[in-house]
Amino acid sequence: IQQVSFSPQPSLLKPMALSYAQILELLQGQDDEWLFSRAQLATELEFQQQVYLRGIVEFSNHCRNHCHYCGLRSENRQVKRYRLSNEEILSAVNNIATLGLGTVVLQSGDDFSYSCKRISTLISEIKQRHDLAITLSLGDRKHHELENWREAGADRYLLKMETFDRALFARCRPKAHFDERIARLAHLKSLGFQTGSGIIIDLPGMTDAILARDIQYLTELQLDMLACGPFIAHAQTPFATSPNGSALKSHRVSAILRLMNPGANIPATSSLDALEKGTREQALKRGCNVIMPSFTPTQVSGDYSIYPGKNQQQHPAAERLNHVCQLIQNHGLIPSFNRGDSKRVQYVS
Ligand code: SAM
Ligand code: SF4
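Residues numbered from 1 in each chain as written. Chains lettered and ligands numbered in written order. Predicted model: local features only at pLDDT ≥ 70, side-chain atom pairs only at ≥ 80, totals over all residues.

### Observations concerning the overall build of the protein
Here is step 1: Helices and strands together make up the secondary structure of the protein, namely 13 helices and 11 strands.
Here is step 2: The globule rule puts the C-alpha radius of gyration for 349 residues at 20 Å, and the 19 Å found for the protein is close to it.
Here is step 3: Structurally, the protein occupies a C-alpha span of about 50 × 45 × 45 Å along its principal axes.
Here is step 4: A buried classification covers 47% of the 349 residues belonging to the protein.
Here is step 5: Taking contacts inside the protein between residues at least 6 apart in sequence as the whole, the part at least 24 apart equals 80%. (Helix = DSSP H or I, 4+ residues; strand = E, 2+ residues; numbered from the N terminus. Rg over C-alpha atoms; globule rule 2.2 N^0.38 Å. Buried ≥ 20, exposed ≤ 12 C-beta atoms within 10 Å, placed from the backbone. Contact = placed C-beta atoms within 7 Å.)

### Section: unusual backbone geometry
Here is step 1: Backbone geometry at glutamate 162 places phi at a positive 75 degrees, although glycine is not the residue there.
Here is step 2: The buried category is assigned to glutamate 162, around which 24 C-beta atoms lie within 10 Å.
Here is step 3: At glutamine 222, a position not held by glycine, the phi torsion is positive, near 50 degrees.

### Focus on the site of ligand 1
Here is step 1: Close to ligand 1 lie 20 residues, the nearest being Tyr69, Cys70, Gly139, Lys160 and Tyr307.
Here is step 2: Its residues assigned to classes, the shell around ligand 1 shows 10 nonpolar, 7 polar and 3 charged. (Near = placed C-beta within 6 Å. Nonpolar A, V, L, I, M, F, W, Y, C, P; charged D, E, K, R; others polar.)

### With respect to the sheet that holds strand E10 (residues 334-336)
Here is step 1: Taken together, the 3 strands give an open sheet; going across it, the order is E9-E2-E10, and neighbouring strands pair in parallel fashion. One side of each edge strand has no neighbouring strand; the edge strands of this open sheet are strand E9 (290-291) and E10.
Here is step 2: The sheet contact formed by strand E2 (residues 50-53) and E9 spans 2 bridges and is parallel. When the sheet's bridge partners are listed, leucine 53 is paired in E9 with isoleucine 291.
Here is step 3: With respect to the sheet, helix H13 (residues 317-330) is in contact with E2, E9 and E10, its orientation differing from that of E10 by roughly 140 degrees. (Pairing = 2+ DSSP bridges. Axes fitted to C-alpha atoms, helices over the stretch in contact; angles between N-to-C directions.)

### What about the site of ligand 2?
Here is step 1: Surrounding ligand 2, one finds Cys63, Asn65, Cys67, Cys70, Leu72, Arg73, Gly109, Asp110 and Gly139.
Here is step 2: Across the shell around ligand 2, the residue classes break down as 4 nonpolar, 3 polar and 2 charged.

### Observations concerning the environment of valine 290
Here is step 1: Structurally, the position occupied by valine 290 is in strand E9.
Here is step 2: On the neighbour-count criterion, valine 290 (23 C-beta atoms within 10 Å) is buried.
Here is step 3: In this structure, the C-alpha to C-alpha distance between valine 290 and histidine 187, residues 103 residues apart in sequence, is 25 Å.
Here is step 4: Excluding residues within four positions of it along the chain, valine 290 makes contact with Val51, Tyr52, Arg54, Asn265, Ile266, Pro267, Ala268 and Gly340.

### What about the packing of helix H8 (residues 208-220) against helix H9 (residues 247-260)?
Here is step 1: Relative to each other, H8 and H9 sit at 35 degrees, their axes nearing to 10 Å. The hand of the H8/H9 crossing is right-handed. Contacts between H8 and H9 involve Leu211, Ile215, Leu218 and Thr219 from the first element and Val253, Ile256, Leu257 and Met260 from the second.
Here is step 2: The class makeup of the residues in the contact of H8 with H9 is 7 nonpolar, 1 polar and no charged. (Left-handed = near helix turned anticlockwise from the far one by under 90°.)

### Things to note about the confidence of the model for the protein
Here is step 1: Of all residues in the protein, 96% have pLDDT values of 70 or greater, and the mean over the chain is 94.
Here is step 2: Segment residues 1-5 is flagged for pLDDT under 50; beyond a separation of four residues in sequence, or across chains, it makes 10 contacts in the model.
Here is step 3: Confidence metrics for the complex model read pTM 0.96 and ipTM 0.99. (pLDDT = per-residue confidence, 0-100.)

### Overview of the UniProt feature "domain: Radical SAM core" (unreviewed entry) in the protein
Here is step 1: The feature "domain: Radical SAM core" (unreviewed entry), as annotated in UniProt, sits at residues 49-269 in this numbering.
Here is step 2: Along residues 49-269 one finds 38% helix and 17% strand; the C-alpha atoms at either end are 18 Å apart. (UniProt positions renumbered as here; feature names shortened; annotations may be inferred.)

### Let's talk about the sheet that holds strand E7 (residues 194-201)
Within a beta sheet, neighbouring strands are joined by backbone hydrogen bonds and run either parallel or antiparallel to one another.
Here is step 1: Pairing is parallel in the open sheet, where 6 strands are placed in the order E3-E4-E5-E6-E7-E8. Sheet topology places strand E3 (55-60) and strand E8 (225-230) at the edges, where each strand pairs with a single neighbour. Shown here is a sheet whose adjacent strand axes are inclined to one another by a mean of 20 degrees, direction ignored.
Here is step 2: Pairing of strand E5 (residues 133-137) with strand E6 (residues 156-158) involves 2 bridges; the strand directions are parallel. What sits directly across from threonine 135, in E6, is arginine 156.
Here is step 3: Across the sheet, helix H3 (residues 86-98) lies against E3 and strand E4 (103-108), angled at about 170 degrees from E3, the strand it touches most.

Have a look at this one:
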């Protein structure tokens, strides 16, 4: 086993070993005070109160998939679809760099009309023009494409399992391949990507028992990014009438994950903000250390309608960034423009 460290600063804290039974109890709120105070302490010790900012560009809302929870699913004919040109993407990335952020996240539906070569060219151009870390979140792309993008300079890849429960996965993501998605995560790690995954909390059919196992799986995978936000029902999906997830449960998940994965980057997701104002920033006191403001051009950002309430703000990017920084400071935390690499030491075989 070869050891590859991404960051000059390894994680300071030892991961806490929580059993399945302990995770279950904490998920059910048996000791929120202990959980949240320990998670806050661990986050502050690891990141010295810094909150890493990432600029996200959601460059296409076309998708070939049918995920039952997502407003961008291909069967939804009511979405106004858009695709950004290379120039539009690079202009949004330029905004991110000009405002001094250290990371750009490129995200889209599973839109294969952006060829492997086109994405590689974009990555190379971004790397030539700016000193930015690049995170990709482009869904289930082929192994050789991931390899190509890593060679072109992409640093990180986020691919959420949504749940590690095979039966629930099949009910939520018809025609998607559970084993292939897990294999893709292992492949991403072997290519040296800082690799992220995550779950949707309170997906219809998810029980606390499933959630506790999901937390164990996520931890066993030794990931660099752990992205977990609550389910929000979208009217134009098969899950339209299912109840929304709970912000409190989502906070418990981030807090448990922080204790078990002290050096990982854990975003406070925008789905928290869409569900209940203030809960995204509250999550920064409960294990999260990353916020990802959108830099998608405002002409189309409202059409990236994964769930209701997403990308509602129509102010210019600089104003939105200022607002996020203000919210972070109001919580006694420091907005950080650093690259903010994971502090995890990753093992590749
Ligand atoms: N298409 C890529 C994929 O699925 O991996 C990336 C883009 S996808 C829109 C990004 C994430 O949105 C998904 O991983 C999922 O967790 C989240 N998402 C989609 N619909 C959601 C919903 N209704 N509630 C909460 N999160 C949702
Ligand atoms: Fe497509 Fe991703 Fe939405 Fe699934 S979650 S429908 S893959 S954009």
